[in-house]
Amino acid sequence: MNPDLENERAKATFSVERLTNMLDGGADRTKRRRQIEEIIARDPTGIFSNEENIYLHRTDRHKRALAKHVRMVEISRRARRQW
């Protein structure tokens with residue numbers, strides 16, 4: 001996590017975790033969102049990286065977005081079989 005963000009969260013006068021849970025719709029949804037983020041971060045294809053987006057033409061960004069969607073569907077189907 002970004003060090004500046006960590007510092008600001010440490011200064012908060014409220015529970016950052018409680019606020020996160022409220023914004024996510026509950027602690028169970030926060031847990032689920034974090035699991036999904038972890039799966040995306042560990043994806044070996046690298047398709048979810050946005051580092052090259054600023055250099056891509058509009059049509060290439062669109063193709064990449066479609067590829068991300070297809071990969072997310074694949075991950076979702078695999079996860080459903082495992083759970």
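Residues numbered from 1 in each chain as written. Predicted model: local features only at pLDDT ≥ 70, side-chain atom pairs only at ≥ 80, totals over all residues. Heavy atoms only, no water.

### Some details on the overall build of the chain
Where we set the bar: In this description a helix means any DSSP run of H or I spanning at least four residues, a strand means any run of E spanning at least two, and both kinds are numbered starting from the N terminus. Each radius of gyration is computed over the set of C-alpha atoms, and the globule rule expresses the reference value as 2.2 Å times the number of residues to the power 0.38. Summary of the burial criterion: residues with accessible area below 20% of their type's maximum are buried, those above 50% are exposed, and those between are partly exposed, where the area comes from a 1.4 Å probe applied to protein chains only. In this analysis, two residues are considered to be in contact whenever any of their non-hydrogen atoms come within 4.5 Å of each other.
Counting secondary structure elements, the chain contains 4 helices and 0 strands. Rg of the C-alpha trace for the chain: 17 Å, well past the compact-globule value of 12 Å for 83 residues, more than 25% over. Projected onto its principal axes, the C-alpha coordinates of the chain cover approximately 45 × 35 × 20 Å. Across the 83 residues of the chain, 16% fall into the buried class. A separation threshold of at least 6 residues defines the contact pool for the chain, and within that pool the share at least 24 residues apart is 29%.

### A short note on the packing of helix 2 (residues 16-24) against helix 3 (residues 27-42)
The description of two helices packed together rests on the angle between their axes and the distance between the axes. For the record, the criterion: The axes used here are C-alpha line fits, helices contributing only the stretch in contact, and every angle between their N-to-C directions lies in the interval 0 to 180 degrees. Throughout, the term roughly parallel applies to angles under 35 degrees, roughly antiparallel to angles over 145, roughly perpendicular to angles from 65 to 115, and oblique to all others. The residue classification treats Ala, Val, Leu, Ile, Met, Phe, Trp, Tyr, Cys and Pro as nonpolar and Asp, Glu, Lys and Arg as charged. All others, Gly included, are polar.
Contact geometry of helix 2 with helix 3 gives a least axis separation of 7 Å together with a crossing angle of 90°. Considered as vectors, helix 2 and helix 3 are oriented roughly perpendicular to each other. Contacts between helix 2 and helix 3 pair Glu17, Thr20, Asn21 and Asp24 from the former with Ala27, Arg29, Thr30, Arg33 and Arg34 from the latter. Each residue belonging to the contact of helix 2 with helix 3 can be placed in one class, and the counts come to 1 nonpolar, 3 polar and 5 charged.

### Remarks on the pattern of salt bridges
Rules: We define a salt bridge as a contact between a side-chain nitrogen of Lys or Arg and a carboxyl oxygen of Asp or Glu at a distance within 4 Å.
This model, assessed by the stated rule, comprises 8 salt bridges. For arginine 33, the salt bridge identified is with glutamate 37, shortest N-O distance 2.7 Å. Taken as a pair, arginine 33 and glutamate 37 lie in helix 3 at a separation of 4 residues, close to a single helical turn. Under the relative-accessibility criterion, arginine 33 is labelled partly exposed at 28%. Connected through salt bridges with shared partners, the residues Asp24, Arg33 and Glu37 form a single ionic network.

### Some points on a nonpolar patch on the surface
Heads up, the rule is: Patch criteria: residues need more than 30% relative accessible area and no salt bridge. Like-charged residues are merged within 9 Å; nonpolar side chains of Val, Leu, Ile, Met, Phe, Trp and Tyr are merged within 5 Å. All accessible areas in this document rest on Shrake-Rupley with a 1.4 Å probe, and a residue is counted as covered only by the protein chains that are shown.
On the surface, a cluster of nonpolar side chains totalling about 440 Å² of accessible area is made up of Phe14, Leu19, Met22 and Leu23. Tracing the sequence through the fold places methionine 22 in helix 2.

### Some remarks on the confidence of the model for the chain
Note: predicted coordinates in regions of low pLDDT should not be interpreted at a detailed level. As a reminder, the rule being used: Values of pLDDT, which run from 0 to 100, indicate the predictor's confidence residue by residue.
Looking at the chain as a whole, its pLDDT mean stands at 92, while 99% of the residues score no less than 70. Per-element averaging of pLDDT across the chain places helix 1 (residues 3-11) at the bottom with 90 and helix 2 at the top with 95.

### Focus: the environment of threonine 45
Summarising the element assignment, threonine 45 is placed in the loop between helix 3 and helix 4 (58-82). A relative accessible area of 49% means that threonine 45 is categorised as partly exposed. Sequence-wise, threonine 45 and glutamate 8 are 37 residues apart; in three dimensions their C-alpha atoms are separated by 33 Å.

### Observations regarding the environment of lysine 63
With respect to the helices and strands, lysine 63 occurs in helix 4. A C-alpha to C-alpha distance of 32 Å links lysine 63 and glycine 25, two positions 38 residues apart in sequence.

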